[in-house]
Amino acid sequence: MQNEPVKRTIAVLGVDGENFEVDGHFSGDERKARWYTVKKLSNGKVFVDHLPKFPSHEEIRRMVS
């Protein structure tokens, strides 16, 4: 039996007046996320998917530019 990935909201980051939700994607009972998704809260669209590590404020600024 395969475990379906579980998505949990890790944080909401305020970056330069915009809010971004960072979700972690886990397998089973893992405590460390396998990858991260960043979603812009003003429009609800996924901004970046499958990040290998938790993004910093500066990394989100570079993605937005």
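See above for the structure.
Here the structure is a predicted model, which is why all the values come from computation and not from measurement.

Just checking my understanding: could you explain the sheet that holds strand β1 (residues 5–15) for this structure?
Strands pair in a sheet through their backbones, by hydrogen bonds, and they do so in one of two ways: parallel or antiparallel. With antiparallel pairing, four strands are arranged side by side in an open sheet as β1-β2-β3-β4. At either margin of the open sheet sits one strand with a lone partner, and together these are β1 and β4 (46–51). Averaged over all pairs of adjacent strands, the angle between strand axes in this sheet comes to 20 degrees, irrespective of strand direction. Pairing analysis gives three bridges linking strand β3 (residues 35–40) to β4, with the strands arranged antiparallel. Looking at β4, one finds that Y36 is bridged to L51.

Is there a simple way to think about the pattern of salt bridges in this case?
Where charged atoms from two side chains of opposite charge approach closely, those side chains can pair. Counting across every chain of the model gives six salt bridges. With its nearest N and O atoms 3.5 Å apart, the salt bridge here joins E21 to K39. Remark: K39 occurs in strand β3 and E21 occurs in strand β2 (residues 18–27); sequence separation between them is 18 residues. With respect to burial, E21 and K39 carry one shared label: buried.

Got a minute to help me understand the packing of aromatic side chains in this structure?
The description of an aromatic ring pair uses the distance of the two centres, along with the angle that the planes make with each other. Within the structure shown, the criterion is met by one aromatic pair. Considering the side-chain rings of Y36 and F54, the 5.7 Å spacing of their centres and the 90 degrees angle between planes classify their relative orientation as edge-to-face. Residue Y36 is located in strand β3, and its partner F54 is located in the loop between β4 and α1 (57–64); the two are separated by 18 residues in the primary sequence. The exposure class of F54 is partly exposed, given its relative accessible area of 33%. Against the face of F26 rests R8, its NZ or CZ located 3.8 Å from the ring centre.

Procedures and definitions
- Residues numbered from 1 in each chain as written.
- Predicted model: local features only at pLDDT ≥ 70, side-chain atom pairs only at ≥ 80, totals over all residues.
- Heavy atoms only, no water.
- Pairing = 2+ DSSP bridges.
- Helix = DSSP H or I, 4+ residues; strand = E, 2+ residues; numbered from the N terminus.
- Axes fitted to C-alpha atoms, helices over the stretch in contact; angles between N-to-C directions.
- Salt bridge = Lys/Arg side-chain N within 4 Å of Asp/Glu carboxyl O.
- Buried < 20%, exposed > 50% of the residue type's maximum accessible area, 1.4 Å probe, protein only.
- Phe/Tyr/Trp six-rings, centres within 6.5 Å; stacked < 30°, edge-to-face > 60°.
- Lys NZ or Arg CZ within 6 Å of the ring centre and 35° of its normal.

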